[in-house]
Amino acid sequence: MNQAIATIALVVSDYDEAIAFYRDKVGFRLIEDTPLAPKKRWVLMSPPGAAGARLLLARADGPEQEAVVGRQAGGRVMLFLETDDFARDHARMQANGIRFLEAPRHEPYGTVAVFADLYGNKWDLIEPQR
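None of these values were measured; they are calculated from a predicted model.

Can you break down the overall build of the chain residue by residue, with the values?
Looking only at helices and strands, the chain features three helices and nine strands. Element order for the chain, N to C, with α for helix and β for strand: β-α-β-β-β-α-β-α-β-β-β-β. Taking 2.2 N^0.38 as the reference for a compact globule, 130 residues should give roughly 14 Å; the C-alpha atoms of the chain span a radius of gyration of 15 Å, in line with that estimate. In terms of principal-axis extent, the alpha carbons of the chain reach across some 45 × 35 × 25 Å. Across the 130 residues in the chain, those meeting the buried criterion constitute 35%. Sequence separation of 24 or more characterises 53% of the internal contacts of the chain that already satisfy a separation of 6 or more. Of the roughly 7,800 Å² that the chain leaves accessible, carbon and sulfur atoms contribute 51%.

Here it is in structure tokens:
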């Protein structure tokens, strides 16, 4: 039996601002942007060269969903962006205005730093120890 997590939904306030952030600042590719209804779209993004899970940007629909934008993990790191060159990607992301919440640190599992997306969700940028 083979299984894989293919897509992870991230609740956002606005499709276009989220696309711009992940494409222009983080460096993701826009894979698909398909209208489904007047206010609903299927928006998939992924890191360059990614063979793993994709990110589905899902616009909040109503007060209950709007309340979790930026807090889907209750303040914890929610997503882990793995890189093969931490220094390159960290410098590029900083130059693009990404807000890192800490200085890079070296852990037994690799080099890592936490950053926040445009809504405040926490991500790890991590280069695993090889």
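There's plenty left to go through after this.
Go over the UniProt feature "domain: VOC" (unreviewed entry) in the chain, please, and point to the residues and values.
Per the UniProt entry, the sites bearing "domain: VOC" (unreviewed entry) are residues 4–128 in this numbering. Taken end to end, residues 4–128 comprises 21% helix and 42% strand; its first and last C-alpha atoms sit 20 Å apart.

So what's going on with the packing of aromatic side chains? Which residues, and what values?
Any two aromatic rings considered together are summarised by their centre-to-centre distance and by the angle between their planes. In the structure shown here, the tally under the stated rule is six aromatic pairs. Ring geometry for F21 and Y22: centres 5.0 Å apart, planes at 90°, overall edge-to-face. Residue Y22 is classed as buried on the basis of its relative accessible area, which comes to 0%. Cluster of aromatic residues (ring-pair linked, three or more members): F21, Y22, F28, F100, F115 and W123.

Conventions adopted
- Residues numbered from 1 in each chain as written.
- Predicted model: local features only at pLDDT ≥ 70, side-chain atom pairs only at ≥ 80, totals over all residues.
- Heavy atoms only, no water.
- Helix = DSSP H or I, 4+ residues; strand = E, 2+ residues; numbered from the N terminus.
- Rg over C-alpha atoms; globule rule 2.2 N^0.38 Å.
- Buried < 20%, exposed > 50% of the residue type's maximum accessible area, 1.4 Å probe, protein only.
- Contact = heavy atoms within 4.5 Å.
- Areas by Shrake-Rupley, 256 points an atom, 1.4 Å probe, with all protein chains shown as cover.
- UniProt positions renumbered as here; feature names shortened; annotations may be inferred.
- Phe/Tyr/Trp six-rings, centres within 6.5 Å; stacked < 30°, edge-to-face > 60°.

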